[in-house]
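# Architecture at a glance
The lines below spell out each chain.
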Amino acid sequence: MFAAVLALIGWRAVFLWLGVAHLLLLPLLFAVPALSPAAQPKSPPNGMTVREAARIKPFWGLMMVYAVCGFGDFFVGTHVVAFAQDRGIDPYIAGNLLAIMGLAGLLGVLLAGAWSDRTGPVGAAAACFMVRALIFAWVLIDQSPMSVAVFALSFGLTFLVTAPLTPVFVRDAFGARNLGALTGLITMVHHIFG
């Protein structure tokens, strides 16, 4: 389905809508009470079942956040090399951009983890989506080889950032009793949309 949309509207429109989608996730992160850093978890002390969690808005909010995030991660990971080549970057350098994007992702995950340990997962996830929205907008304006490289490195810093935050979001919103099942379900949605 997404490949058909890409073929129909072109990569520029997909980048535009990915940027908009990531920007729209920011208010969602702050609007869902159980995800707000100031809110106390409303889950029972031992945690909710999958069925109980599915009855409340934070569950569906997380599903939406991870669906958009998964599409963005996999879209860029799949197309960054071809995109770089289309913009005049040597194939060898374009391939290495993907590898360097992965290394930048390691740094991003470590920084997001430290941030989350201090203030909770919302700030780190919000920063991730804000950076993504800005770099999607940037690359729509300027597709010079240098901008494509900066795009890949900047996106790399956000690449996989939400993965280690998933269990923290789940624990804070739904408790720890079914942490594996709920985290696995949300991760599955991330990959299905990817």
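Residues numbered from 1 in each chain as written. Predicted model: local features only at pLDDT ≥ 70, side-chain atom pairs only at ≥ 80, totals over all residues. Heavy atoms only, no water.

Within the structure shown, the criterion is met by three salt bridges. Across the pair E52 and R177 runs a salt bridge, and its minimum N-O distance is 4.0 Å. Taken together, the residues span a long stretch of sequence, with E52 in helix α2 (residues 50-53) and R177 in the loop between α7 (162-174) and α8 (179-193) at a distance of 125 residues. With a closest N to O distance of 2.3 Å, R132 and D73 form a salt bridge. Of the two residues, R132 sits in helix α5 (residues 121-141) while D73 sits in helix α3 (residues 57-86), which places them 59 residues apart along the sequence. Its relative accessible area of 0% is what places R132 among the buried residues. The exposure class of D73 is buried, given its relative accessible area of 3%. (Salt bridge = Lys/Arg side-chain N within 4 Å of Asp/Glu carboxyl O. Helix = DSSP H or I, 4+ residues; strand = E, 2+ residues; numbered from the N terminus. Buried < 20%, exposed > 50% of the residue type's maximum accessible area, 1.4 Å probe, protein only.)

Taken together, the side chains of L8, I9, L16 and W17 make up a nonpolar region of the molecular surface, amounting to roughly 470 Å² of accessible area. Tracing the sequence through the fold places L16 in helix α1 (residues 2-31). (Patch = residues over 30% accessible without salt bridge, like charges linked within 9 Å, V, L, I, M, F, W, Y side chains within 5 Å. Areas by Shrake-Rupley, 256 points an atom, 1.4 Å probe, with all protein chains shown as cover.)

As a packed pair, α3 and helix α6 (residues 145-158) sit with axes 11 Å apart at the nearest point and diverge in direction by 155 degrees. By the angle between their axes, α3 is roughly antiparallel relative to α6. Our pair here, α3 against α6, has a crossing hand that is left-handed. On the side of α3, the interface is formed by G72, D73, V76, V80, F83 and A84, while α6 contributes V148, F151, A152 and F155. By residue class, the composition of the contact of α3 with α6 is eight nonpolar, one polar and one charged. (Axes fitted to C-alpha atoms, helices over the stretch in contact; angles between N-to-C directions. Parallel < 35°, antiparallel > 145°, perpendicular 65-115°, else oblique. Left-handed = near helix turned anticlockwise from the far one by under 90°. Contact = heavy atoms within 4.5 Å. Nonpolar A, V, L, I, M, F, W, Y, C, P; charged D, E, K, R; others polar.)

Let us look at the packing of aromatic side chains. Counted under the stated rule, the structure contains eight aromatic pairs. Aromatic pair F155 and F159: ring centres 6.1 Å apart, planes at 45 degrees, arrangement tilted. A residue is classified by how much of its surface remains accessible, and F155, at 0% relative accessible area, is buried. An aromatic cluster of at least three residues, connected via ring pairs, comprises F83, F136, F151, F155 and F159. (Phe/Tyr/Trp six-rings, centres within 6.5 Å; stacked < 30°, edge-to-face > 60°.)

So, about the state of the cysteines. What makes a disulfide is a covalent bond joining the sulfur atoms belonging to two cysteines. Enumeration over the complete set of coordinates arrives at zero disulfides. The cysteine C69 is free of any disulfide, with C128 supplying the nearest cysteine sulfur at 5.7 Å. (Disulfide = S-S within 2.5 Å.)

Another point: α7. Between its first and last C-alpha, α7 extends 17 Å over 13 residues, near the 18 Å set by a 1.5 Å rise per residue. In the segment just after α7, G175 is the residue with positive phi, at about 85 degrees. (Expected span 1.5 Å × (residues − 1).)

To continue, consider the layout of surface pockets. By volume, the second largest pocket is sized at about 160 Å³. Of all the elements in the fold, those that place two or more residues in the lining of the second largest pocket are α4 (91-119), α5 and α6. (1 Å grid on protein atoms, 1.4 Å probe; cavity = no way out; pocket = protein on both sides within 12 Å on 5 of 7 lines; lining within 4 Å. Points joined across faces, edges and corners; volume = space filled by probe spheres on them.)

This part covers the packing of α3 against α8. Orientation of α3 relative to α8, taken along the N-to-C sense of each, is 40 degrees, at an axis distance of 7 Å. As far as their axial angle goes, α8 and α3 are oblique. For the crossing formed where α3 meets α8, the hand is right-handed. Between α3, through F59, L62, M63, Y66, A67, C69, G70, F71, D73 and F74, and α8, the contact on the second element is made entirely by L182, L185, I186, V189, H190, H191 and F193. Looking at the contact of α3 with α8, its residues break down into 13 nonpolar, three polar and one charged.

Before going further, it helps to examine the nonpolar core. Counting 28 residues, the largest nonpolar core has Y66, F129, L165, F169 and F174 as the members making the most contacts within it. Elements that contribute at least two residues to this core include exactly α1, α3, α5, α7 and α8. Of the residues forming this core, the biggest block, eight residues, is contributed by α3. (Core = buried A, V, L, I, M, F, W, Y, C linked by side-chain atoms within 4.5 Å.)

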